[in-house]
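Each chain, letter by letter, is given below.
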Amino acid sequence: MSNQVQSHAGSITHTGNPVEAQSFVSRLYRPFRGGGAYTPLLMLFCAILLIGSLSRLLLVIWKADRFADTGIGATLFLQGLRVDAIAAGMAVAVPLLLLPLLAHRFGWPAWRRFSYIWALIMVFAVLFMELATPPFIAQYDVRPNRLFIEYLKYPQEVLATLWHGFRLPVLLGSGLCILLTALFARLLRPWLREQRRPAYKWTLMAWPVAVLAVFMSIRSTTDHRPANPAMFALTSDALVNSLILNSAWSVGFALYNLKHEAQASEAYGALKPQAMLDEIRNAPWLRGADFPSEQYPTLHYQAATVERKRPLNLVIILEESLGATFVKSLGGVPVTPNLETLKDQGWWFENLYATGTRSVRGIEAVVSGYLPSPARSVVKLSLSQNHFFTLAGLLREQGYDTGFVYGGEAHFDNMRSFFTGNGFEQIIDQSDYIDPAFTGSWGVSDEDLFAMADKQLAALHQTGKPFFRLVFTSSNHTPFEFPDGRIDLHDADKQTVNNAVKYADYALGGFIAQARQRDYWKDTLFLVVADHDDRVWGNELVPIKNFHIPGLILGADTQPKRVGTLASQIDLAPTLLSLMGVSATHPMIGRDLTLPDEAPGRAMMQFYDNYAWLTANNDVTVLRRDQPPLKGHYDPRAGITNYLRQAPGEASVREAKAHAMLPLWLYRERKYPGAEDIAP
């Protein structure tokens, strides 16, 4: 008898005896075969649940020590499955809503093709995000979030960083993403070949039930507000909390919040504007100030404590990622010998804290005296691209020549737009360097940068016009590229953060030594300060230890001094104005540390959605998005915060809320004026 081969959905018949010889893919498809028009949506939904759960399991195994310390056990996976259901519901929502229009008799071929392509795109996107997660965690100690979106605007820098610093993970992840998507496409092929169209009336009858189920999956709660990442913040470890999520939803939620970031601080609770302003103005260093403007409620006059016949020039050297963790005398790794030497020659800040974890956060604090918020930095927000206060704007109004000197591309993080619109007259970036000695992924080396700065300062000094320059380094940035033969390596492998910091310190020391020999030294005040630490992470809601940064003021007639007062980056600008001999009206609420005020200091830190308010006695109040505040005590020696069971006091919460909510209120209402808006 001749063989007859009949193929239908993997079924093969030999000589009239049916023998099921299904492939692995056919066996996977079998449970979905009866789903009718809903088959590709069911397969997509289940695929996302599987991808999310498997990825989460592997990430937990990778970070087992952090997970074990939290003690939440299987709760992480159960809540994670809930988050995956939210993402899966969102992925199927669009085709589900279109199903009644396409799944009828005439639209059936279009429905098959559309649902097939849609499912592949969604699976590829989810796979891509999960496979991109390990490198992102390695860099930022948290799942992809708003930073992931922001960096997409700068493909050249990002691709160079990925290629030089994460080449193998990128190649493996890309290949695996394509392979798994192809596997899912093969799984969908029986559906694509399906010729039999299910009864349209049964499809319509099931549709309301399917829509309700997907709606419930997306909302994920019966509370008045749908699920959000704050609902899954079950521990004090930001990384573990992010593992509960999945990366596609984390990034999607961040993208959604970008449309509402002007109100982002309202997630900390309610506080009326007048109560907020009263709290701010009640700071000991502002109590005696007069606030005459209703339009600009923080505007006040600051009289310089140092009288000078001619105000000093100002140079701010913003060091990329130079946290206290790299300064031996501040408890860090001994890779900044030049800074350690220089600290005895000027004002050395022993208890200074950054306001955030990004360069733009450091810029807004140091240059604008602006408080941190849960939204993006004002360097990137639209309403602050002009008529927004900066030291450059203030000093330009007083006759200074102002500018920004950078070794990379000034468009990065929107710096060029913010600076040119707010008082910086000249911008120097990578395109202005002729034959630099070394160029890496993020621009020319710090030596090239300082050579350019020295050349500019010498030329400016000859004109007799006062000047202000912001000099921003970049060598200490992953993938940590710097020229050979400059330093004795601290680590055996060259491209490490410790070696990059040591090179940055070498370049800084060389610049200061050269500047001392220049005529401009005696007329110029220098501030050396970090924008933030290299990697601000840890198993805490806010890793305060990694916000500790070095700060040094030297130059001109500056005398050595140790500043032990707890201080924030927002205190630097008012202090500099006094030391320069510049009296001015401005909106900055930071503290002038030249004043003989014995009042205790404070520091504020924004870490993703959390806000920490640190006081001089090391008490900590942490504001959390849509959750009650927490009270803790920071141990500087151990570098950890011990959280207490009792709630923080009402006064502490009000003080923290006022400072956390003020910046976005000022931004939204256009109440932080540009220097040109301030009446002389």
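None of these values were measured; they are calculated from a predicted model.

(A) Molecular detail of the environment of Pro-648. Mapped onto the elements of the fold, Pro-648 is located in the loop between strand S20 (640-643) and helix H20 (650-668). Along the primary structure Pro-648 and Leu-57 are separated by 591 residues, whereas in three dimensions their C-alpha atoms are 36 Å apart.

(B) Region of interest: the packing of helix H2 (residues 39-62) against helix H8 (residues 167-193). Between H2 and H8, the shortest axis-to-axis distance is 10 Å and the interhelical angle comes to 160°. Regarding the angle of H2 to H8, the classification is roughly antiparallel. Seen along the crossing, H2 lies across H8 with a hand that is right-handed. Together, Thr-39, Pro-40, Met-43, Leu-44 and Ala-47 of H2 and Phe-184, Leu-187, Leu-188 and Trp-191 of H8 make up the contact between the two elements. Each residue belonging to the contact of H2 with H8 can be placed in one class, and the counts come to eight nonpolar, one polar and no charged.

(C) Structural view of helix H19 (residues 572-580). Most of H19 sits out of view: nine of its nine residues are buried. Those residues of H19 that fall on the buried side of the exposure criterion are Leu-572, Ala-573, Pro-574, Thr-575, Leu-576, Leu-577, Ser-578, Leu-579 and Met-580. The first or second residue beyond H19 is Gly-581, which carries a positive phi of 85°.

(D) Broad picture of the nonpolar core. Within the largest apolar cluster, 135 residues are counted, with the highest numbers of intra-cluster contacts made by Ile-317, Phe-404 and Phe-526. At nine residues, the largest contribution of residues to this core is made by helix H18 (residues 497-516). Phe-526 has contacts with Val-315, Ile-317, Leu-457, Phe-511, Ala-515, Tyr-520, Trp-521, Leu-552, Ile-553, Leu-554 and Gly-555, leaving out every residue within four places of it along the chain. Counting 51 residues, the second-largest nonpolar core is a separate cluster that includes Met-43, Val-92, Trp-108 and Phe-232.

(E) Representation of the environment of Val-142 within the structure. The topology assignment puts Val-142 in the loop between helix H5 (108-140) and helix H6 (146-151). Taking the relative accessible area as the measure of exposure, Val-142 reaches 7% and is therefore buried. Spatially, the C-alpha atom of Val-142 lies 9.9 Å from that of Ser-247, the residues being 105 residues apart in sequence. Among all residues touching Val-142, those that are not within four sequence positions of it are Phe-136, Ile-137, Ala-238, Leu-239, Ser-242 and Tyr-608.

(F) Broad picture of the side chain of Arg-469. In this structure, Arg-469 sits in strand S10 (residues 467-472). A distance of 2.7 Å separates the side chain of Arg-469 from the side chain of Asp-401, its partner in a polar contact. At a separation of 2.8 Å, a polar atom in the side chain of Arg-469 contacts the side chain of Gln-456.

(G) Quick peek at the sheet that holds strand S18 (residues 619-624). Pairing is antiparallel in the open sheet, where five strands are placed in the order S16-S17-S18-S19-S20. Whereas interior strands pair on both sides, the edge strands pair on one side only; in this sheet they are strand S16 (602-607) and S20. Taken over all neighbouring pairs, the strand axes of this sheet differ in orientation by 30° on average, direction set aside. Here six bridges tie S16 to strand S17 (residues 610-615), and the two strands are oriented antiparallel to one another. Following the sheet pairing, Ala-603 is matched in S17 by Leu-614.

(H) Geometry of the pairing of strand S12 (residues 548-554). The element S12 is largely enclosed, with a buried count of seven among its seven residues. Taking every second residue as pointing to the same face, both faces of S12 are buried, with His-548, Pro-550, Leu-552 and Leu-554 on one and Ile-549, Gly-551 and Ile-553 on the other. For strand S11 (residues 524-530) and S12, the ladder comprises four bridges, and the chain directions are antiparallel. In the strand pairing of S12, Val-528 is matched with Leu-552.

(I) Up close: the pattern of salt bridges. Within this structure, the stated rule accounts for 22 salt bridges. When salt bridges with common partners are traced through the structure, they connect Arg-66, Asp-141 and Asp-237 into a single cluster.

(J) A look at the packing of helix H17 (residues 446-463) against H18. Remark: H17 packs on H18, axes separated minimally by 9 Å, with the N-to-C direction vectors making an angle of 20°. In terms of axis orientation, H17 runs roughly parallel to H18. Crossing handedness for the pair H17 and H18: right-handed. Residues Asp-446, Glu-447, Phe-450, Ala-453, Asp-454 and Leu-457 of H17 lie in contact with H18, whose contacting residues are Tyr-503, Ala-504, Tyr-506, Ala-507, Leu-508, Phe-511 and Gln-514. Per-class residue counts for the contact of H17 with H18 are nine nonpolar, one polar and three charged.

Cut-offs and rules
Residues numbered from 1 in each chain as written. Predicted model: local features only at pLDDT ≥ 70, side-chain atom pairs only at ≥ 80, totals over all residues. Heavy atoms only, no water. Helix = DSSP H or I, 4+ residues; strand = E, 2+ residues; numbered from the N terminus. Axes fitted to C-alpha atoms, helices over the stretch in contact; angles between N-to-C directions. Parallel < 35°, antiparallel > 145°, perpendicular 65-115°, else oblique. Left-handed = near helix turned anticlockwise from the far one by under 90°. Contact = heavy atoms within 4.5 Å. Nonpolar A, V, L, I, M, F, W, Y, C, P; charged D, E, K, R; others polar. Buried < 20%, exposed > 50% of the residue type's maximum accessible area, 1.4 Å probe, protein only. Core = buried A, V, L, I, M, F, W, Y, C linked by side-chain atoms within 4.5 Å. Polar contact = N/O pair within 3.5 Å; in protein donor to acceptor, adjacent residues only side chain to side chain. Pairing = 2+ DSSP bridges. Salt bridge = Lys/Arg side-chain N within 4 Å of Asp/Glu carboxyl O.

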